[in-house]
Each structure stands twice: as structure tokens, then as C-alpha cells.
Amino acid sequence: MNTPENLAQIGVVGLAVMGSNLARNFASRGHTVAVYNRSPEKTRTLIAEHGTDGNFIASETIEDFVASLERPRKAIIMVQAGPATDAVISQLADAMEDGDIIIDGGNALFNDTIRREKEMAERNRHFVGAGISGGEEGALNGPSIMPGGPKESWETLGPLLESIAAVVDGTPCVTHIGPDGAGHFVKMVHNGIEYADMQVIGEAYQLLRFGAGMEPAEIADVFAEWNRGDLDSYLIEITAEVLRQVDAETGKPLVDVILDAAGQKGTGRWTVKEALDLGVPVTGIGEAVFARALSSSLDQRKAAQGNLPTGALKTFQELNLDKERFVEDVRRALYASKLVAYSQGFDEIKAGSDEYGWGVDPRDLATIWRGGCIIRAKFLNRIVEAYDNDPALPALLLDPYFKGELGDLIDSWREVVIVATQLGLPVPVFSSSLSYYDSLRAERLPAAIIQGQRDFFGAHTYRRIDKEGTFHTQWSGDRSEIES
Ligand code: NBP
């Protein structure tokens, strides 16, 4: 029988990579942690290996697990997203009582979170969908946490989550994002931005390796150097580590023996699908998702390799490029493309927040993404400042600081896209981001032609720049214009 003194403040269900590390994190901050996993072996392993690192209460049934939690009970689910999460929610809700809090820390689709919260509210259970970023290391030492759900749950949960989150400049990387699915929506877009961030780094590598002909170890030094400037970030840092790694079996750089087919678990794809529904052009994230898909189309790539006309390509030497200058140009192109991806990601978050009535503050996100998560970067401080200066900023790119940066970056960015084309090297995010940038600032877009075509074949009408109203040209008649 559990007495109030030996009850757990928090419970974790699902003790695979993320759950076991999160449970250890809670225990290391002095909390008593209840732990449960469907197959008891994982629970036993956790207790055998780390049971003495803190106070754990291990259970082998969900009922015992729930009974070991202090009221209101708080249990974080860290199981596979989808049906497994629904199964665990249902078991927990059955064993819990009114006012208890179920937190889903997995990568759930935000629409599922909205549905689950409604279902739980009907049963007087609080449900909080919380995005957790930082992978295994973050879960153990301090992740970035994006909880949604009811504000009143945050009052109870806040201090617990703050105690395990990463901390930057004294601020924990967690805050209440907004109601129901807001937390998981924001985590989804975070992951989408992560896809774009990884891809632009990949494109920079590709240009230095197969354009400038640099070796992986030399490129690792370049990335390490970049990590001391504006691009200072976790992803740049680990890229240098990956590039330095030598394969023990072959003695080759590890990057040369890894199959170049990128995997994905779905959050990038969801970001793009949702952006399509919201009508927000997240071209950088979209190209990054498609680049992974293309890389994995191995049969198609094999059929095309050496088998399609290239046109008159040039070599790096033929282009008479200075290597040092080119490296700097590539850094600038990467930075500019990354800026576009973040600007687009924040646009999607604003559109989602408006659509679902969440009231998400973009400044909060830039703040809690500074530590713990995969896209943590020095650059996020600048985003915080941008929203401090103008909370209603129409686009991140229009912030005066970033505009100034773009003024310094733009010539190199254009040059790199031109050179990549001449070398025949793919730079989908560098080039599409530049097109997005040029589209955004264009005085006139070819959309006028599209409106003309639509009116021609489907009488879809158009608006004019010089007067109010909608108009139609009688294309199959005398081609006079009528107001419709
Ligand atoms: P996995 O996503 O690999 O899931 C494994 C866990 O789910 C095990 O504990 C397993 O129990 C449990 N599980 C399954 Br599968 N089906 C179940 C069911 N029907 N009932 C109960 N439990 C079930 O674990 P993970 O990689 O630790 O990730 C956990 C969550 O965190 C996921 O939603 C993931 O997307 C998210 N996430 C992961 C990362 C990361 O870096 N890995 C980062 C951020 C978020 P068993 O042991 O009995 O099979």
C-alpha cells in the first residue's frame, strides 16, 4: 500500500529511448518517478541499470502504476505515436480519476491531440499534448518542451517540466504554447524547420565536396569554424563531428560509406501537408522533405545515374573560383536559405494559431528553442529580439536586423546558386529559397497571367489594379470586359 510520503510526483509510461531517459531526468532533479512499460523487461533494465540514481517506483501493471502516483496524478506517455498512444491513453484514463493529467510527450499529429483532449475532457481527465525535442540526450539532460492543453494543467505541470527542461540564460526551455493541439503543432513545425536546416547544411557540404573538391576532414574544419559565428548551432556542430568520423572497417571517411538515402518518420511531411491546407508557402521545408524522398528513390536514381544529358557543365577550376572566397559564399548562401526556412516556419505557426485560435506567441518559441532541441542555435536570440521589437512582424525576413544581414548575404547567395547550376550540383533549398525571396519582394508576379488563363478557360474572373470589383473578359465573344 502506498502512503502519501512514498507516492511519485510524476509517472512515465513507455521506457524505450525517450521515456527511460526522461524518467532518469526527472529522478535526477529529485522527483520520485513512477515507471511502467508494456513489456516488463524494459522496466527491469531501467531499474537494474539506474535504479539507484534516484527514486523510482516500478510497476508491472498499469493499475499499480496509477496507484503509485500522487494526486492529481500526472503521467507522461512516451510510446510510439498513433494507435499505441491511443491504447495507453485509454488504459490510463480507465485507471485514473477526475482531475488527473495525462501528458502525451510523443510526436503525435496535432489533430489527434485535439481529438484526444476532447475525449479526455468528456471523462474529466486533463490531457496535455507536449512536443519534446532533443532526442535521447535532450530527454536525459534537458529537452525543449512544448506543452499544449488546458492552461490549468500548466499551473500544475509547469514547475515539474521547468525542472527537467534545458535552461538558457536562466530561462527554462518550456512554456505553455496554447490550448489543445498547439504544442504538438509547434513541435511539428519545429521538426519541419529541422529538415530544412539539415538539408541546407547538406547542400553546403555537397558544394564544398563535389564542387570545390575538399575532403571531409577539411570540410569538418570549415563547419567547426562556421560554428564560431552567426551559424553557431547544434546541427553545424554535429555535422563537423560526422565529417571527422573515420570508418573503422574501411579506413574511409564514414560519410563516404553511409548510404545516401535519407529516412524520415513523418513530422516534416506533416508540416508540409498542413502548410498546403493553410496556404502557407513553406518551400524550404517542402524541398527538404522532397530531397529526402528523392534520395531514397534508389532504383530510379540508379537508372538515371550517368544516363541523362548534363549540358555543358564547368569544373570548379574552369570557373576560376577562389576556394576561400567560395567557402565564404557558401556559408552566406546557407545562412540566407536558413533564414528563409525559419521565416516560412514562423508563418505556418502564425497561420495555424490563427486558424485554430491558439494565440501562440512566436517570441516564446524562439525563446524555448534556444536550448535542448535539435535546432538550437545562437541565431534564435536574434529571432527573440525581432519579435521584441515588433510582436506583429509580417515576416521574419522583414525584421531590420535580418534585412541588414540579407543585404550582406544576397550577392553570395545568387552567386552560389549560379555556380551550383554551372557545376551541375543540386541545391534545391538554396535555389528555391532564393526564388521565394525574389517572389516575395517582386513588384509584379506572373500570377496576373494565371488569372488571365483561369478567366479564359473557366470564367474564374479577376480583379484589376485600378478599380474595385471582379471582372470577366468575354473570351469567346467580342472580348469586351464585363463586371461580374
Ligand atoms: P518508440 O517510438 O520506438 O516506441 C517504443 C515504445 O512504445 C516502447 O516502450 C513500446 O513498448 C511502446 N509501445 C508500442 Br511500440 N506499442 C504499444 C502499445 N500498444 N501499448 C503500450 N506501449 C506500446 O520509442 P521512442 O523512440 O523512445 O519514442 C517515444 C515517443 O517519443 C515517440 O512518439 C517518438 O516519436 C517521440 N520522440 C522520439 C524522439 C527520438 O529521438 N527518438 C525524439 C522526440 C520525440 P514495448 O517495449 O512493450 O514494445
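These figures come from a predicted structure and were not determined experimentally.

Q: What am I meant to see in the nonpolar core here?
A: Soluble globular proteins: nonpolar side chains tend toward being buried together. Ranked by size, the top nonpolar core spans 92 residues in total, and within it Trp 226, Trp 369, Ile 383, Trp 413 and Phe 430 carry the most contacts. In contact with Phe 430, other than residues within four places in its own chain, are Val 200, Glu 203, Ala 204, Leu 207, Val 330, Ala 333, Leu 334, Ser 337, Trp 413, Val 416 and Val 417. Listed in part, the 27 residues of the second largest apolar core include Phe 26, Leu 160, Leu 161 and Ala 165.

Q: Would you mind showing me how to read the site of the ligand here?
A: In the neighbourhood of the ligand, 19 residues make up the surrounding shell, with Met 18, Asn 37, Arg 38, Ser 39 and Lys 42 lying closest. Residue Val 17 places a main-chain N or O atom 3.3 Å away from an oxygen atom belonging to the ligand. Taking Gln 80, its main chain carries an N or O atom lying 3.3 Å from an oxygen atom of the ligand. Residue assignment for the shell around the ligand shows that the elements contributing at least two residues are α1 (17–28) and α4 (83–95).

Q: Can you help me understand the UniProt feature "binding site: substrate" (unreviewed entry) in the chain in this one?
A: As annotated by UniProt and renumbered to match this structure, "binding site: substrate" (unreviewed entry) occupies Asn 107, Ser 133, Gly 134, Gly 135, His 190, Asn 191, Tyr 195, Lys 265, Arg 292, Arg 454 and His 460. On the basis of their most widely separated C-alpha atoms, the annotated residues across 354 residues do not gather in one place, lying as much as 48.9 Å apart. Ignoring sequence-local partners within four residues, the contact set of Gly 134 consists of Ala 139, Gly 372, Cys 373 and Ile 374. Following the sequence through the fold, Arg 454 ends up in helix α20 (residues 447–458). Those residues in contact with Arg 454 that sit more than four places away from it in its chain are Ala 459 and His 460.

Q: What is the right way to read the environment of Asn 307 from this model?
A: Examined against the element boundaries, Asn 307 turns out to sit in the loop between α14 (298–304) and α15 (323–356). Relative accessible area serves as the criterion here: at 54%, Asn 307 is assigned to the exposed category.

Q: Please explain the packing of helix α8 (residues 182–211) against helix α10 (residues 234–244) as it appears in this structure.
A: The description of two helices packed together rests on the angle between their axes and the distance between the axes. One way to put it is that α8 packs onto α10 with a least axis distance of 11 Å and a crossing angle of 45 degrees. Comparing their axes, α10 and α8 come out oblique. α8 and α10 meet at a crossing whose hand is right-handed. Residues Glu 194, Asp 197, Met 198, Ile 201 and Tyr 205 of α8 touch α10, and the partners they reach there are Leu 235, Ile 236, Thr 239 and Leu 243. Here the contact of α8 with α10 is built from residues that sort into six nonpolar, one polar and two charged.

Q: How do you make sense of helix α7 (residues 151–164) when you look at a structure like this?
A: For α7, built from 14 residues, the straight-helix expectation of 20 Å at 1.5 Å per residue is met to within 8% by its first-to-last C-alpha distance of 19 Å. Of all bends in α7, the biggest is about 50 degrees, found at Leu 157, and the proline Pro 159 comes one to four residues later. Inspection of α7 places Ser 153, Trp 154, Leu 157, Gly 158, Leu 160, Leu 161 and Ile 164 among the buried residues, and these make up the whole buried set. Contacts made by the buried residues of α7 are with β1 (10–13), α1, β4 (74–77), β5 (101–104), β6 (126–133) and β7 (144–147).

Q: It is not clear to me how the side chain of Arg 125 should be interpreted in this structure. Could you clarify?
A: Inspection of the secondary structure puts Arg 125 in the loop between α5 (110–122) and β6. Its relative accessible area of 10% is what places Arg 125 among the buried residues. Of note is the side chain of Arg 125, whose polar atom sits 3.0 Å from the backbone oxygen of Ala 93. Looking at Arg 125, its side chain comes within polar contact range of the main-chain oxygen of Arg 123, at 2.8 Å. Sequence-distant contacts of Arg 125, that is, excluding residues within four places in its chain, are made with Ala 93, Met 96, Glu 97, Asp 98, Asp 100 and Met 120.

Q: Hey, could you run me through the environment of Thr 461 in this one?
A: Looking at the secondary structure, you find Thr 461 in the loop between α20 and β10 (462–463). Put simply, Thr 461 and Glu 483 are 22 residues apart on the chain and 8.9 Å apart in space, counted from C-alpha to C-alpha. Those residues in contact with Thr 461 that sit more than four places away from it in its chain are Gln 451, Asp 455, Thr 470, Phe 471, His 472 and Ser 484.

Q: I'm lost on the layout of surface pockets in this one. Help?
A: Gaps between atoms show up when a probe of the same size as a water molecule is rolled over them. The volume enclosed by the second largest pocket comes to roughly 420 Å³. When residues of the lining of the second largest pocket are traced back to their parent elements, those giving at least two are α20 and β10. Considering every element that reaches the lining of the second largest pocket, the biggest residue donor is α20, with four residues. Tallied by class, residues from the lining of the second largest pocket come to five nonpolar, five polar and six charged.

Q: Looking at this structure, how should I read the pairing of β5?
A: Note on strand geometry: in a regular strand, side chains alternate between the two faces of the sheet. Side chains of β5 alternate between two faces, with Ile 101 and Ile 103 and Ile 102 and Asp 104 buried alike. Handedness of the crossover joining β4 and β5 through α4 is recorded here as right-handed. Relative to β6, β5 runs parallel, the two sharing four bridges. Across the sheet, Asp 104 pairs through a bridge with Gly 129, a residue of β6.

Q: What is the right way to read the packing of aromatic side chains from this model?
A: How two aromatic rings sit relative to each other is given by the distance of their centres and the angle of their planes. All chains considered together, the criterion is met by 17 aromatic pairs. Their ring planes at 85 degrees and their centres at 5.9 Å tell us that Phe 110 and Trp 358 sit as a pair that is edge-to-face. Here Phe 110, found in helix α5, pairs with Trp 358, found in the loop between α15 and α16 (362–368); they are 248 residues apart in sequence, far enough to count as distant. In this structure, Phe 110 and Trp 358 share a single accessibility class: buried. Ring centres 5.3 Å apart and planes at 55 degrees place the aromatic pair Trp 413 and Tyr 437 in the tilted group. Placement of the pair is Trp 413 in helix α18 (residues 400–423) and Tyr 437 in helix α19 (residues 428–441), with a sequence separation of 24 residues. According to the relative accessible area criterion, Trp 413 is buried, its value standing at 0%. Owing to a relative accessible area of 16%, Tyr 437 belongs among the buried residues under this scheme. Three or more aromatic residues link up through ring pairs in this structure, and these residues are Tyr 335, Tyr 342, Phe 379, Tyr 401 and Phe 402.

Conventions adopted
Residues numbered from 1 in each chain as written. Predicted model: local features only at pLDDT ≥ 70, side-chain atom pairs only at ≥ 80, totals over all residues. Heavy atoms only, no water. Core = buried A, V, L, I, M, F, W, Y, C linked by side-chain atoms within 4.5 Å. Buried < 20%, exposed > 50% of the residue type's maximum accessible area, 1.4 Å probe, protein only. Contact = heavy atoms within 4.5 Å. Near = heavy atom within 4 Å. Polar contact = N/O pair within 3.5 Å; in protein donor to acceptor, adjacent residues only side chain to side chain. Helix = DSSP H or I, 4+ residues; strand = E, 2+ residues; numbered from the N terminus. UniProt positions renumbered as here; feature names shortened; annotations may be inferred. Axes fitted to C-alpha atoms, helices over the stretch in contact; angles between N-to-C directions. Parallel < 35°, antiparallel > 145°, perpendicular 65-115°, else oblique. Left-handed = near helix turned anticlockwise from the far one by under 90°. Nonpolar A, V, L, I, M, F, W, Y, C, P; charged D, E, K, R; others polar. Expected span 1.5 Å × (residues − 1). Bend = angle between axes of the 7 residues up to and from the residue. 1 Å grid on protein atoms, 1.4 Å probe; cavity = no way out; pocket = protein on both sides within 12 Å on 5 of 7 lines; lining within 4 Å. Points joined across faces, edges and corners; volume = space filled by probe spheres on them. Right-handed = clockwise from strand over helix to strand, strands pointing away. Pairing = 2+ DSSP bridges. Phe/Tyr/Trp six-rings, centres within 6.5 Å; stacked < 30°, edge-to-face > 60°.

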